[in-house]
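Per-entry structural report
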Amino acid sequence: MADSVFYVTTPIYYVNDEPHIGHAYTSVLADTLARYHRLFGEDVFYLTGTDEHGLKVQQAARARGVEEQTHCDEMVAHFQELWEKLAITNDDFIRTTEARHERVVREFLQRSFDNGDIYKGVYKGWYNVREEVFVTEKEAKAMADDVAAGRVIELEEENYFFRLSKYQPWLVDYIHENPDFIAPEARRNEILGFLREPLSDLCVSRPAARLKWGVPLPFDDQYVTYVWFDALINYVSAIGWHTEDTSRFGRYWPSALHLIGKDIIKPHCVYWPMMLKSVGIAPPRQILAHGWWIAADGAKLSKTLHGSGLFLWLADRYGVDAFRYFLMRNMAAGQDAGVDEQTFVDRVNSDLANDLGNLLSRTVKMVRQYVGGKVPERRSLDETDEGLREKIERSLVRARELIERIEPHNAIEEILSFVRATNRYIVEREPWKAYQKGESEVVEATLYHCLESLRMAGVALWPIMPAKCAELFEQIGAPAAPGLWEEATAFGVLQAGTPAPGGPSLFPRVGKLQGQPETPKPRVAKPAVGKPAGAVAKAKEKAPEEPGVPEGLITIDEFANVQLRTAEILEARKHPNADKLLVMRIALGEERRQIVAGIAAHYKPEDLVGKRIVVVANLQPATLRGEKSEGMLLAAHTPGGLTLITTEDPTCPSGCKIS
Ligand code: MSP
């Protein structure tokens, strides 16, 4: 077994969320590092998974009318399928609803309780019902609307607390003594700043009466574990802490590297080391916080932004490897990065189509024309050849250091710098002239250096673009897998006489942008309140004929095209130009929309605020007498008039899918 050990983790993703580019980034970063460290000959363990407990999951499952576990089992597939598609090579996938995890959570809590670090106390203060979090006085003041609507309430209840305050001085010393523990430095300073204020103890339970979907406390089954306390423990439960066989824990834990987004540093850099200290486990080796992907319009990327798969469609359109490359190249350590199709295409065109792709296509073309399509003899004629070889070797040493420092964007630059140097070398050497003059040694030396440069670029980029680099190896007659870094980055691996057959362009240049893909539009429209006159008839006309479907019935696919979601009415007013219409502002999760509906004869605006309704969320926007309507609410036509379709559970969050 290798001496060096590398244990890397991603956050466990909320199972309820739709995966987006932010999730993909952390998983691709961890995967890239895992693949590099395997290439360096280390013993690697890469862990990812899903965070499956908590109120939101409970509510979403209830809103769908399914068991919580069934809901999680279905939702987890979204992540697992994405990781497969993105060629993620995790060694384990932990789900917090697995028995192996829950057992460890209970053991952890019991130990901490036995040590006197968890105690029962009374929480008195503000509480955000929807988010299931306690809020400070100051935060509650800033949420006056929510307080008025009963979404943020004053609460006094018994709960269990973890003594954060006890470990505060220890943690401050630990961070000072271990300057690399939290990276980058800005985040370390942020945490040290936070630790300057006295910490309140952390509430680590929720009454089971309010929240069923969690791990019961081992010492009081009237309570379940607070979701963060449960989630963080995944990093040790997956590798078998306190199980029958703790060898994996003993081997991997000391090298643990947690990759996280900058928004979750507090639980990771404050709660987690203290929790570990409480049960006698050393802190992880490092916690590294990356920045956020920001949409090109500058808005924070969130799951409501733009709809349409949240930039994951870039991988479908331009290929998984180009997508992985973009993620690794365009985000600098610790900083935010912008994403849109243009930025993506610019990067692919300049680095992959121009620099790398061009070097490959011109090299294999010359190999075919000048040396019979086979790797030529290895030759080095002068300092131009030597200079190029030295440049490549230097860059590769540096690239490895940069990977070890978790700076893949700089490592890529270093690798690309020798690819560009090789393109310049070709221009300087002009092998086409040497060929015409019959200087076969010059031709061979030049082409051997170009092929080796390509091979080593392929080795060095292989952890980022495994499939494309494998194609590259095939085109130039290199071994199919690079083996270990040490040998693979030594000049001269290619054997003279091996066929270098070339092949299709690895990264064709992208011309015109195609724009964001359309989200599927409903093919069948339902008669509805607030719908522009004639729209139903038009939609019917447009509906394509489905052979074999009896008239009047729709297929399950047609139904699936209609996106029904729960929504909350935030504001309602009379339409300025139409007596029958009301204009409403609604919340769909974090998204805000305006809808117009013909319900003025049945509802007063002030009675609507706070109602949890059902809307068709993917209806084409329409303007009704000058007011924009982005969706349609559902109502039943009763004998006496009209009644809104609402959710049975009055706390059901907005934005839930209905199926
Ligand atoms: N379940 C918790 C983590 C528990 S770990 C013990 C959680 N889950 S999450 O699904 O909401 O977020 C997972 C990660 O995605 C976080 O690291 C978060 O920073 C990251 N991102 C969410 N949006 C992001 C971007 N737009 N860009 C980059 N990463 C972002 O938090």
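Notes on the structure in this doc start here. (Residues numbered from 1 in each chain as written. Predicted model: local features only at pLDDT ≥ 70, side-chain atom pairs only at ≥ 80, totals over all residues. Heavy atoms only, no water.)

1. Side note on the overall build of the chain
- Within the chain, the secondary structure is distributed over 24 helices and 26 strands.
- Principal axes of the C-alpha set define a box for the chain whose edges measure 95 × 70 × 45 Å.
- Across the 659 residues in the chain, those meeting the buried criterion constitute 53%. (Helix = DSSP H or I, 4+ residues; strand = E, 2+ residues; numbered from the N terminus. Buried < 20%, exposed > 50% of the residue type's maximum accessible area, 1.4 Å probe, protein only.)

2. Here we look at the sheet that holds strand E6 (residues 133-135)
- The 4 strands lie next to each other as E6-E5-E7-E9, forming an open sheet whose pairing is antiparallel. The two strands at the open ends of the sheet, each matched to only one other strand, are E6 and strand E9 (202-203).
- Sheet topology note: the strand E5 (residues 118-128)/E6 ladder contains 3 bridges and is antiparallel. Note on E6: the bridge partner recorded for Asn-128 is Val-133. (Pairing = 2+ DSSP bridges.)

3. Some details on helix H17 (residues 408-429)
- In a regular helix each residue adds 1.5 Å, so 22 residues correspond to 32 Å; H17 covers 31 Å between its end C-alpha atoms and thus fits that length.
- Along H17, 16 of the 22 residues are buried, which leaves the element largely enclosed by surrounding structure.
- Two residues or fewer after H17 comes Glu-430, characterised by a positive phi angle close to 45°. (Expected span 1.5 Å × (residues − 1).)

4. Observations concerning unusual backbone geometry
- Geometrically, the link from Ala-183 to Pro-184 is a cis peptide bond, its omega value of -5° lying close to zero.
- Here Pro-184 shows up in the loop between strand E8 (182-183) and helix H8 (185-194).
- Even without being glycine, Ile-406 reaches a positive phi, approximately 60°.
- By the secondary structure assignment, Ile-406 is in the loop between helix H16 (383-404) and H17.
- Positive phi, normally seen in glycine, also occurs at Glu-430, with a value near 45°.
- Take Glu-430: it is sitting in the loop between H17 and helix H18 (431-436).
- When its relative accessible area of 28% is taken as the criterion, Glu-430 is described as partly exposed.

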